[in-house]
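Fold and contact review
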There are 2 protein chains.
Amino acid sequence: MSGAPRKAAIIGGGVIGGGWAARFLLAGWDVAVFDPDPQTPRKIGEVLDNARAALPALSDLPMPTEGHLTFADSIAGAVAGAAYVQESVSERIALKHRVYAEIQETAPDAPLGSSTSGYRPSVLQEEAATPASIFVAHPFNPVYLLPLVELVPSPATAPQVIETAKGILHEIGMFPLHVRKEIDAHIADRLLEAVWREALWLVRDGVATTEEIDDAIRMGFGLRWAQMGLFETYRIAGGEAGMRHFLGQFGPCLQEPWTRLMDVPEYDDALVDLIAGQSDAQSGHHSIRELERIRDRNLVGFLRVLKENGWGAGRVIADHDARRARTEE
Amino acid sequence: MSGAPRKAAIIGGGVIGGGWAARFLLAGWDVAVFDPDPQTPRKIGEVLDNARAALPALSDLPMPTEGHLTFADSIAGAVAGAAYVQESVSERIALKHRVYAEIQETAPDAPLGSSTSGYRPSVLQEEAATPASIFVAHPFNPVYLLPLVELVPSPATAPQVIETAKGILHEIGMFPLHVRKEIDAHIADRLLEAVWREALWLVRDGVATTEEIDDAIRMGFGLRWAQMGLFETYRIAGGEAGMRHFLGQFGPCLQEPWTRLMDVPEYDDALVDLIAGQSDAQSGHHSIRELERIRDRNLVGFLRVLKENGWGAGRVIADHDARRARTEE
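Because the structure is a prediction, the values reported are computed rather than measured.

1. A short note on the interface of chain B and chain A
- Residue-level contacts link 116 residues of chain B with 116 residues of chain A.
- Inspection of the chain B/chain A interface yields six salt bridges.
- We note a salt bridge from Arg235 of chain B to Asp280 of chain A, for which the minimum N-O separation is 3.1 Å.
- Summed over the shared surface of chain B and chain A, the number is 28 residue pairs in polar contact (both at pLDDT 80 or more).
- Among the residues forming the side of chain B that touches chain A, the class breakdown is 62 nonpolar, 24 polar and 30 charged.

And the structure:
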């Protein structure tokens, strides 16, 4: 990449906004963050420390020169001159609409991605001055390591904006998954929400603790999902007889009482206390900071394995290295 | 372990039975397999080849001398003298009951684990001559690599049988998760079934293809789940404010229309055709055998990373090495 660094504006400086800031900075972009919370510089600094300790281990090339980080004291100041704007404020639609109005007063044409996990892009675009620039770009924590971004346009989003966003997300090492049909919670969080509801029932009904549920995931199917996901894993399970055979065997289970998903558990104080208490018993001997570092060390290891094997998320990293090598030639 | 090798009987020689056979053989046990399918020796041989190529890479110690594999021509012949019996026949309860009757005629006191993913142990025990010996021992494919076994007794299972089974499962390198309350589909498959239903809706409604759903998993949260599972990941997401803060934020989503789990998709030929066709387009350029080897290479890499980091499934492997080293001293 030649020429002056481009600028990304990060609106909302929590753990997700901080992850975006780290992605852009370590890819050589300048970053301006706006968040009224006076703790923001400290919080962003901590995410950035984690990212600097983890991300470079994934690449076989020297990292680009890190971009320049500034903290703006207004949205207008953050987005002025930005080639990309990412919004990661709280999941309150009225707040998001107010923020978009301010952003688009200064930067109406900048691609404006939202980190929302739940809202459809057409809901985000309501009342907007320039709906064509707005889309969902939903990342996954830690944003500086996990490649997935769900990229969701509405019919009102300009196709050229999505193409530009894809190019930028590739450039900062991510995997934009173009979701062709907008839907509440997109794809991944619908799957997560399904598991979450069932897990709440299991805890509430006293079948399992939070630790037992985590072990049931990470000692078994979690390891499969980190590389192949759901359908490719089941394709293998069908064995020589193939996917159709597997589908024939598994289909009848749909009629069995194997989930309690038909209704939603009452999310009362007793359930919150139960889960928070079990989680403390399970993980309270590690600080959140320690857990982050353990997680990142594991993720870097997994991603390096996948890169060596030319598979899954590792292919995203290898492709990113290859693009960088070509650009710098 | 000193003395003559002990014998495990494997009833049902499909991909799961084959994985059990490999676990026991590579841990030094003699194994007798019974399955009326004449293809069984070939099928077991292929699983065993995969296991021999993968499992030894996890241990820092030389592997024990492999046990002796035989194919019995009757259930009685397979279970005679067995210290452990594992049943992995089709998920048809009448068949399982017939098989248990035959097993217990010859070996009434041997611990008898079932690989069932759905049935509760008390359903398995109905009509049995010795219900006290019967329990669920539900493994995950590939059985020779993934440590998880859901170990589920009913009130009629003898506690001593469960203790014996735990010891044996530890000895062959597995992680027995003692499920304290029996429930259809135990723990992991309830979570899997929840995701499966939602994924079927997403495919049926044309929101995403099988490949897009797999990417939404393996480029993002699948990588988190391979090491920490659901609750510990969310504990981190709560950040400095902790689990209670996270629970407060995520709770209201339960009332949102984020899943279609309230009803079950009609599982007709059109849906099966759609999924099987998309799966062919996604993965049809690899044979099942190739996919197995890719999967195993990835899993071995992940498990080695976790072992180096002393975390999750890697701790199971490290502990197993330590126990073996002590036993062989």
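Additional details are given in the paragraphs that follow.
2. Details of the domain arrangement of chain A
All names here are of chain A.
- The domains assigned to chain A are domain 1 (7–178) and domain 2 (188–328).
- One C-alpha centre belongs to domain 1, the other to domain 2, and the line joining them spans 25 Å.
- Taken residue by residue, the interface counts 27 residues in domain 1 and 20 residues in domain 2.
- For the domain 1 face of the interface with domain 2, the top three residues by lost area are Asn50, Leu58 and Leu61, together amounting to 27%.
- Seen at the junction of domain 1 and domain 2, the total is two salt bridges.
- Here Arg289 ties to Glu46 by a salt bridge, and the two come within 2.5 Å at their closest N and O atoms.
- At the boundary of domain 1 with domain 2, the tally comes to 14 residue pairs in polar contact (both at pLDDT 80 or more).
- For the side of domain 1 that touches domain 2, the secondary-structure elements that each account for two or more residues are α2 (40–54) and α6 (159–171).
- Sort the elements by how many residues they give to the side of domain 1 that touches domain 2 and α2 lands first, with three residues.
- Looking at the side of domain 1 that touches domain 2 residue by residue, the class counts come to 16 nonpolar, seven polar and four charged.

3. A closer look at the relation of the copies chain B and chain A
- Taken as rigid bodies, chain B and chain A are interconverted by a rotation of 180° and an axial shift of 0.0 Å, the fit giving an RMSD of 0.0 Å. In short, the pair behaves as if placed about a two-fold rotation axis.
- In this assembly, 100% of the residues forming the interface of chain B have copies in chain A that are likewise at the interface, indicating an isologous arrangement.

4. Things to note about the sheet that holds strand β3 (residues 69–71) of chain A
- Spatially, β3-β2-β1-β4-β5-β6-β7-β8 (chain A) is the arrangement adopted by the eight strands of the open sheet, whose pairing is mixed. Where the open sheet ends on each side, the last strands, each with one partner, are β3 and β8 (175–178) of chain A. Pairs of neighbouring strands in the sheet enclose a mean axial angle of 25°, with direction left out of account.
- Bridge analysis of strand β1 (residues 7–11) of chain A against strand β4 (residues 84–87) of chain A gives four bridges, and the strand direction is parallel. Residue pairing in the sheet places Ile11 of chain A in a bridge with Glu87 of chain A of β4 of chain A.
- Seen against the sheet, helix α8 (residues 210–225) of chain B touches β7 (148–152) and β8 of chain A and runs at an angle of roughly 150° to β8 of chain A.

5. What to know about the packing of aromatic side chains
- Applying the stated criterion across every chain, the model contains 18 aromatic pairs over all chains.
- Arranged with centres 5.2 Å apart and planes meeting at 85°, the rings of Tyr234 of chain A and Trp196 of chain B form a pair that is edge-to-face. A residue pair is termed interchain when its members come from two chains, as with Tyr234 of chain A in helix α9 (residues 231–237) and Trp196 of chain B in helix α7 (residues 188–204). Trp196 of chain B shares its class with Tyr234 of chain A; the two are buried.
- Plain terms: the ring middles of Phe24 of chain B and Tyr84 of chain B are 5.6 Å apart, the flat faces sit at 35° to each other, and that makes the pair tilted. Taken as a pair, Phe24 of chain B in helix α1 (residues 15–26) and Tyr84 of chain B in strand β4 (residues 84–87) lie far apart in primary sequence, 60 residues in all. As far as the burial class goes, Phe24 of chain B and Tyr84 of chain B line up, both buried.
- Ring-pair connections join several aromatic residues into one group, and the members of that group are Trp20, Phe24, Trp29, Tyr84 and Phe135 of chain A.

6. Observations concerning the packing of helix α12 (residues 288–308) of chain A against helix α13 (residues 313–328) of chain A
Residue and element names in this part refer to chain A.
- Where α12 contacts α13, the two axes come as close as 7 Å, and the packing angle between them is 75°. Of the possible angle classes, the one that applies to α12 and α13 is roughly perpendicular. Along the contact surface, α12 presents Leu303, Leu306 and Lys307, while α13 presents Ala313, Gly314, Ile317, Ala318 and Asp321.
- In terms of residue class, the contact of α12 with α13 is built from five nonpolar, one polar and two charged.

7. Things to note about the confidence of the model for chain A
- Looking at chain A, the pLDDT average stands at 91 and 94% of residues meet or exceed 70.
- What the predictor reports for the complex is a pTM of 0.93 with an ipTM of 0.93.

8. Some points on the pattern of salt bridges
- In total, this model carries 38 salt bridges over all chains according to the counting rule given.
- Residue Glu91 of chain A pairs with Lys96 of chain A through a salt bridge whose shortest N-O separation is 3.0 Å.
- Classification of Glu91 of chain A by relative accessible area gives partly exposed; the value is 36%.
- We note a salt bridge from Glu292 of chain B to Arg289 of chain B, for which the minimum N-O separation is 2.8 Å. One end of the pair, Glu292 of chain B, and the other, Arg289 of chain B, are both in helix α12 (residues 288–308), three residues apart, so they sit about a helical turn from each other.

9. What about the environment of Gly14 of chain B?
Residue and element names in this part refer to chain B.
- Note that Gly14 resides in the loop between β1 (7–11) and α1.
- For Gly14, a relative accessible area of 33% puts it in the partly exposed group.
- C-alpha separation for the pair Gly14 and His178, spaced 164 residues apart in sequence, amounts to 25 Å.

Cut-offs applied
Residues numbered from 1 in each chain as written. Chains lettered and ligands numbered in written order. Predicted model: local features only at pLDDT ≥ 70, side-chain atom pairs only at ≥ 80, totals over all residues. Heavy atoms only, no water. Contact = heavy atoms within 4.5 Å. Salt bridge = Lys/Arg side-chain N within 4 Å of Asp/Glu carboxyl O. Polar contact = N/O pair within 3.5 Å; in protein donor to acceptor, adjacent residues only side chain to side chain. Nonpolar A, V, L, I, M, F, W, Y, C, P; charged D, E, K, R; others polar. Domains from an automatic or database assignment. Buried area = accessible area lost by both parts, 1.4 Å probe. Helix = DSSP H or I, 4+ residues; strand = E, 2+ residues; numbered from the N terminus. Least-squares fit on C-alpha atoms with pLDDT ≥ 70 in both. Pairing = 2+ DSSP bridges. Axes fitted to C-alpha atoms, helices over the stretch in contact; angles between N-to-C directions. Phe/Tyr/Trp six-rings, centres within 6.5 Å; stacked < 30°, edge-to-face > 60°. Buried < 20%, exposed > 50% of the residue type's maximum accessible area, 1.4 Å probe, protein only. Parallel < 35°, antiparallel > 145°, perpendicular 65-115°, else oblique. pLDDT = per-residue confidence, 0-100.

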